[in-house]
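Working through the structure, step by step
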Amino acid sequence: QVQLVESGGGLVQAGGSLRLSCTASGRTFSSYAMGWFRQAPGKEREFVAAISGSGGATYYGASVKGRFTISRDNAKNTVYVQMNGLKPEDMAVYYCAARGTVLAATTAREYLYWGQGTQVTVSS
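Here is a short report on the structure shown in this document. The shown structure was predicted, so the numbers you read here are calculated from the model rather than taken from an experiment.

Let us look at the side chain of Thr 78. You can see Thr 78 is positioned in strand 8 (residues 78–83). Among the polar contacts made by the side chain of Thr 78, one reaches the main-chain carbonyl oxygen of Lys 76 at a distance of 2.8 Å. In this view, Thr 78 contacts Ser 21, Cys 22, Thr 23, Phe 29, Arg 72 and Asp 73; residues no more than four positions away in its chain are not counted.

Given below as structure tokens:
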């Protein structure tokens, strides 16, 4: 069982930056690929970014590529997403998720464990 706790959400102006963090329980964090997803009201959950267990492979959703950067610190059991150039359409609840393998995936159904989410609000 893995428990995930996100932090770092908040209110930011368009064009600004935020860094979200997700800290996992347990001692085998590097065994899990990690992903970030987001969900806006009335919309389906959307893939944001994913990273392999070692951190050597990363993937991004088309709408965030070039603006967001995913990274992880396995010594701290933490995955991050640095979000730059935020737009109003980035506003959503952001969730981190852990997959039961080191290989990253881009679909929500591939992930086994989920955090409670953190709200990101972007004002125009």
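Still more to cover.
To continue, consider the pairing of strand 5 (residues 46–51). Among the six residues in strand 5, five count as buried, and that is most of the element. Across five bridges, the pairing between strand 4 (residues 33–39) and strand 5 is antiparallel. For Phe 37, the partnering residue across the bridge sits in strand 5 and is Phe 47. Linking two consecutive strands that pair antiparallel, namely strand 4 and strand 5, is a turn of six residues; a positive phi of about 80 degrees is found at Gly 42 within it. Strand direction decides the pairing type here: strand 5 and strand 6 (residues 58–60), joined by three bridges, are antiparallel. Directly across from Ala 50, in strand 6, lies its bridge partner Tyr 59. Hairpin connection between strand 5 and strand 6: a loop of six residues separates the two successive antiparallel strands, and Gly 55 in this loop has a positive phi of roughly 90 degrees.

The next point concerns the sheet that holds strand 3 (residues 18–24). The four strands are arranged 1-3-8-7 in an open sheet whose pairing can be described as antiparallel. On the outer flanks of this sheet lie strand 1 (4–7) and strand 7 (68–73), each paired with one strand and no other. For this sheet, the mean inter-axis angle between neighbouring strands, taken without regard to orientation, is 15 degrees. Both strand 1 and strand 3 contribute to a ladder of four bridges, which runs antiparallel. Residue Leu 4 lies in a different strand from strand 3, and its bridge partner there is Ala 24.

Here we take up the nonpolar core. Core analysis: the largest hydrophobic core is formed by 29 residues, its most contacted members being Leu 4, Met 34, Trp 36, Phe 68, Val 79, Met 83 and Tyr 94. Among the secondary structure elements, those contributing two or more residues to this core are strand 3, strand 4, strand 5, strand 7, strand 8, strand 9 (92–99) and strand 11 (118–123). Within the second largest apolar cluster, eight residues are counted, among which are Ala 33, Phe 37, Ala 104 and Tyr 111.

Considering all chains together, one arrives at one disulfide under this definition. Paired by a disulfide, Cys 22 and Cys 96 hold their sulfur atoms 1.9 Å apart. Because the torsion about its S-S bond is 40 degrees, the bridge between Cys 22 and Cys 96 counts as right-handed. Here the residue Cys 22 occupies a position in strand 3, and Cys 96 occupies one in strand 9, the gap between them amounting to 74 residues. Like Cys 96, Cys 22 is buried.

Cut-offs applied
- Residues numbered from 1 in each chain as written.
- Predicted model: local features only at pLDDT ≥ 70, side-chain atom pairs only at ≥ 80, totals over all residues.
- Heavy atoms only, no water.
- Helix = DSSP H or I, 4+ residues; strand = E, 2+ residues; numbered from the N terminus.
- Polar contact = N/O pair within 3.5 Å; in protein donor to acceptor, adjacent residues only side chain to side chain.
- Contact = heavy atoms within 4.5 Å.
- Buried < 20%, exposed > 50% of the residue type's maximum accessible area, 1.4 Å probe, protein only.
- Pairing = 2+ DSSP bridges.
- Axes fitted to C-alpha atoms, helices over the stretch in contact; angles between N-to-C directions.
- Core = buried A, V, L, I, M, F, W, Y, C linked by side-chain atoms within 4.5 Å.
- Disulfide = S-S within 2.5 Å.

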